[in-house]
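# Per-entry structural report
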Protein chains: 2
Amino acid sequence: MKRRPPRADPYHQLREAIVSGQLHPNERLVEAAIAERIGAGRTAVRAALVRLDQEGLVQLERNRGARVRHISDGEAMEIEEVRAVLEGMLARRAADRITADGLRELRHVMTQMREHVEAGDSIGYSELNATFHQVIWTAAGHPTASNLVGGLKSQGIRFQYQTALRPGRAERSLREHEAIFGALKAHDGDAAEAAMREHLAEVLDTLRWAIDSQHRTGRWLPG
Amino acid sequence: MKRRPPRADPYHQLREAIVSGQLHPNERLVEAAIAERIGAGRTAVRAALVRLDQEGLVQLERNRGARVRHISDGEAMEIEEVRAVLEGMLARRAADRITADGLRELRHVMTQMREHVEAGDSIGYSELNATFHQVIWTAAGHPTASNLVGGLKSQGIRFQYQTALRPGRAERSLREHEAIFGALKAHDGDAAEAAMREHLAEVLDTLRWAIDSQHRTGRWLPG
DNA sequence: ATCCTCAATAATGTCGACAATTCGCCACGG
DNA sequence: CCGTGGCGAATTGTCGACATTATTGAGGAT
């Protein structure tokens, strides 16, 4: 009866469950339960929790176990601010270094994005969005900065606040991405950084809207 | 000043040993040996190594153990670039938010820095330097960014490359810090960010010099 | 001399057991 | 009614033992 998925890296599995929202903020993570759930030993789960704690996705208190870290409204905005600064820098570098292949890949992602927007598929769009940015990170050739932004909990934020629900956001976002693409294609570093900053300023604004929205519709937990 | 209670925590002890250069890049870290050395169990050491791996200070290879991660020349420069961007942002925020107490503390640190420079104590100066920047991070009130820059391996870089050995660097650094202080005192965000960026650009330049210097004096390990 | 095999060694990865700690619950007393 | 103190279950922290995996070195064949 023990159905055990044999190959399961607890770290990646837990991480995915957290950023995708399957595990809710402040939810308790009991080692034994997780071990059973994903078919791994308690040792491996423990190691994964330590990593996630260091990464900031999980809060680890001595003798008290682990919880999914709750990201406050303020912290969510802080994260987006940092992301704006770092991605701005990456966009600038990418403008200088992006290859024809990179541009082709970006173009491909963007056509897909357009399709998903027209189909009203905001989830698929969100994933493509992530891909778009990742392509830019790769083109920038700056592993240190890429790892930092990649490690940011910004994916979880999108889920926690449902920023995609803002009316008209997708279309606008699409235009912003087109602007970024244009600057990269022209190898114009200044323009690329500016476009990226503007894009992420819009994201930050949408985040503010989502926070307000949550407050208006009534929440019990303070930010 | 932080009073450090005798810290038996393997994580902090290892971290300190690495950034201070007591453990050399690529040096192997054998769990049992470390456990013996600092009087802890292998379990605790293991957890510490996982954290340090996630942090980037240690390289952990499956079934092959842990090594002190070697920071290549290119990566060292990448780290300083990221630091410049983030600390620039923090300086801007700090200019708006710094209190009279914060300014007083900065002034105090600076007078000490002057004394150490005149006494030719570059090690003490380096520590004060770190303090100076930390005060600014605190004043900025931006935990997310502060934790990121704090987690950067930039402390270790100073040791690895001996950037303080460059002739005249200390005096120049002192003047740069004074410029930053002036901007903060005037609550001028633009000026603060600019001064901080300029300062860190100089640091980056010194780093380039140190790398060149190492290459000229002959090294066997490629960057 | 060089390459290959294979045992010996050393270190890591994993598991189970047990001690230590926290937390919920309930009886008790003011 | 409310605070208080102490069981008891649940959970984490730690240790030792053992399996697994890399590495080293000697010896032999070509």
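Residues numbered from 1 in each chain as written. Chains lettered and ligands numbered in written order. Predicted model: local features only at pLDDT ≥ 70, side-chain atom pairs only at ≥ 80, totals over all residues. Heavy atoms only, no water.

## With respect to the environment of serine 173 of chain B
Residue and element names in this part refer to chain B. Here is the rule: By the criteria applied, helices consist of DSSP H or I runs no shorter than four residues and strands consist of E runs no shorter than two, each listed in order from the N terminus. It only takes one pair of heavy atoms within 4.5 Å for two residues to be counted as in contact.
When you line up the elements, serine 173 lands in helix α9 (residues 169-185). In sequence terms serine 173 and threonine 144 are 29 residues apart; their C-alpha atoms lie 27 Å from each other. When sequence neighbours within four positions are dropped, the list of residues in contact with serine 173 reads Tyr125 and His199.

## Concerning the nonpolar core
Rule in force here: Here, nonpolar core refers to any group of buried Ala, Val, Leu, Ile, Met, Phe, Trp, Tyr and Cys residues whose side-chain atoms link them within 4.5 Å. Only protein chains enter the area calculation, which uses a 1.4 Å probe; residues under 20% of their type maximum are buried, those over 50% are exposed, and those in between are partly exposed.
One finds Leu184 of chain A together with Leu184 of chain B to be the most contacted residues of the largest nonpolar core, which totals 94 residues. If near-sequence neighbours (up to four positions away) are discounted, leucine 184 of chain B is found in contact with Ala91, Ala94, Ala95, Ile98, Leu103, Leu106, Ile136 and Ala192 of chain B. Counting residues in hydrophobic clusters, the runner-up holds 19 residues, among them Ile34, Ala48, Val58 and Val68 of chain A.

## Let's talk about the relation of the copies chain A and chain B
Heads up, the rule is: We superpose the copies by least squares over the C-alpha atoms of residues that have a pLDDT of at least 70 in both of them.
When chain A is brought onto chain B, the operation consists of a screw motion whose angular component is 180 degrees and whose axial shift is 0.0 Å, with 0.0 Å RMSD remaining. With respect to symmetry, the two chain copies, as superposed, fit the operation of a two-fold axis. If distances are taken from each C-alpha of chain A to the rotation axis, the shortest is found for arginine 51 of chain A, at 2.9 Å. Of the interface residues in chain A, 100% have counterparts in chain B that sit at the interface too, so the contact is made through matching surfaces.

## Structural notes on the interface of chain A and chain B
Selection criterion: Throughout, the accessible surface (probe 1.4 Å) given up by two parts as they are put together, summed over both, is called the buried area. Salt bridges are defined by distance alone: a side-chain nitrogen of Lys or Arg within 4 Å of a carboxyl oxygen of Asp or Glu. Here a polar contact means two N or O atoms within 3.5 Å. Within protein one must be a hydrogen donor candidate and the other an acceptor candidate, and residues neighboring in sequence count only if both atoms are side-chain atoms.
Each partner contributes residues to the interface: chain A has 23 residues there, and chain B has 23 residues. Broken down residue by residue, the surface that chain A buries against chain B is led by Gln54, Glu78 and Thr144 of chain A, which jointly contribute 28%. Here arginine 93 of chain B ties to glutamate 81 of chain A by a salt bridge, and the two come within 3.2 Å at their closest N and O atoms. Joining chain A to chain B, the criterion identifies eight residue pairs in polar contact (both at pLDDT 80 or more). Elements with a contribution of two residues or more to the side of chain A that touches chain B: α3 (42-55), α4 (73-97) and α7 (143-151) of chain A. Examining the composition of the side of chain A that touches chain B, we find that nine residues originate from one element, α4 of chain A, more than from any other.

## Considering the pattern of salt bridges
Think of it this way: side chains of opposite charge can pair up when their charged atoms draw near. Evaluation of the coordinates by the stated rule reveals 36 salt bridges over all chains. We note a salt bridge from arginine 172 of chain A to glutamate 202 of chain A, for which the minimum N-O separation is 3.1 Å. Taken together, the positions of arginine 172 of chain A in helix α9 (residues 169-185) and glutamate 202 of chain A in helix α10 (residues 189-216) put the pair 30 residues apart, joining distant regions of the chain. Overall, the relative accessible area of 18% leaves glutamate 202 of chain A in the buried class. The salt bridge partner of arginine 114 of chain B is glutamate 178 of chain B, with a shortest N-O separation of 3.3 Å. Here arginine 114 of chain B is found in helix α5 (residues 100-119), whereas its partner glutamate 178 of chain B is found in helix α9, with 64 residues between them in sequence. Residue arginine 114 of chain B is classed as partly exposed on the basis of its relative accessible area of 31%. On the accessibility criterion, glutamate 178 of chain B (31% relative accessible area) is partly exposed.

## Things to note about the domain arrangement of chain A
Residues and elements named next belong to chain A. Going by this rule: For the domain bounds, the source is a domain assignment made automatically or taken from a database.
For chain A, the assigned domains read domain 1 (10-68) and domain 2 (73-216). Taking only C-alpha atoms, the centre of domain 1 and the centre of domain 2 are 28 Å apart. With eight residues of domain 1 at the interface, the matching set in domain 2 holds seven residues. With both chains or domains summed, domain 1 and domain 2 bury close to 480 Å², and 58% of this area falls on carbon and sulfur atoms.

## Observations concerning the protein's contact with DNA strand C
Heads up, the condition is: Any residue with a heavy atom lying within 4 Å of a molecule or strand is counted as near it. Gly is put with the polar residues, along with every residue not named as nonpolar or charged; the nonpolar set is Ala, Val, Leu, Ile, Met, Phe, Trp, Tyr, Cys and Pro, and the charged set is Asp, Glu, Lys and Arg.
Around DNA strand C there are 14 residues in total, and Gly41 and Thr43 of chain A together with Arg42, Arg46 and Asn63 of chain B lie nearest to it. Across the atoms of DNA strand C situated within 4 Å of the protein, the share located in sugar and phosphate is 71%. In this structure, leucine 29 of chain B approaches DNA strand C through a main-chain N or O atom, which is 3.4 Å from a phosphate oxygen. Separating a phosphate oxygen of DNA strand C from a backbone N or O atom of asparagine 63 of chain B is a distance of 2.8 Å. Looking at the surface near DNA strand C, the elements with two or more residues in it are α3 of chain A together with β1 (28-29) and α3 (42-55) of chain B. Its residues assigned to classes, the surface near DNA strand C shows two nonpolar, five polar and seven charged.

## Regarding the protein's contact with DNA strand D
Neighbouring residues of DNA strand D: 14 residues in total, closest Arg42, Arg46 and Asn63 of chain A together with Gly41 and Thr43 of chain B. Restricting the count to atoms of DNA strand D within 4 Å of the protein gives a sugar and phosphate share of 68%. One nitrogen or oxygen atom from the side chain of arginine 42 of chain A is found 2.8 Å from a base oxygen belonging to DNA strand D. One nitrogen or oxygen atom from the side chain of arginine 46 of chain A is found 2.6 Å from a phosphate oxygen belonging to DNA strand D. Elements that contribute at least two residues to the surface near DNA strand D include exactly β1 (28-29) and α3 of chain A together with α3 of chain B.

## Focus on the sheet that holds strand β2 (residues 58-61) of chain A
Residues and elements named next belong to chain A. Test applied: Pairing between two strands is assigned when DSSP locates at least 2 bridges connecting them. Angular values range over 0 to 180 degrees, each being the angle between N-to-C directions of two axes fitted as lines to C-alpha atoms, with helices fitted over their stretch in contact.
Strand order in this open sheet of three strands is β1-β3-β2, and the pairing throughout is antiparallel. Strands with a single pairing partner mark the edges of an open sheet, and in this sheet they are β1 and β2. Inspection of the sheet shows β1 paired to strand β3 (residues 65-68) by two bridges, in the antiparallel sense. By the bridge assignment, leucine 29 is partnered in β3 with alanine 66. In this fold α3 packs onto β1, β2 and β3, with an angle of close to 110 degrees to the strand it touches most, β2.

## A short note on unusual backbone geometry
Notably, histidine 187 of chain A is not glycine yet its phi reads approximately 55 degrees, a positive angle. Within the element layout of this structure, histidine 187 of chain A appears in the loop between α9 and α10. Positive phi is not limited to glycine here, since asparagine 26 of chain B has a value of about 70 degrees. Along the chain, the position of asparagine 26 of chain B falls in the loop between α1 (10-19) and β1.

## What about the sheet that holds β1 of chain B?
The strands making up a sheet associate through backbone hydrogen bonding, with each pair oriented either parallel or antiparallel. Residue and element names in this part refer to chain B. Strand order across the open sheet formed by three strands is β1-β3-β2, with antiparallel pairing between neighbours. The open sheet is flanked by β1 and β2 (58-61), the only strands paired with a single partner. Alignment of β2 against strand β3 (residues 65-68), held across four bridges, turns out to be antiparallel. In the strand pairing of β3, glutamate 61 is matched with glycine 65.

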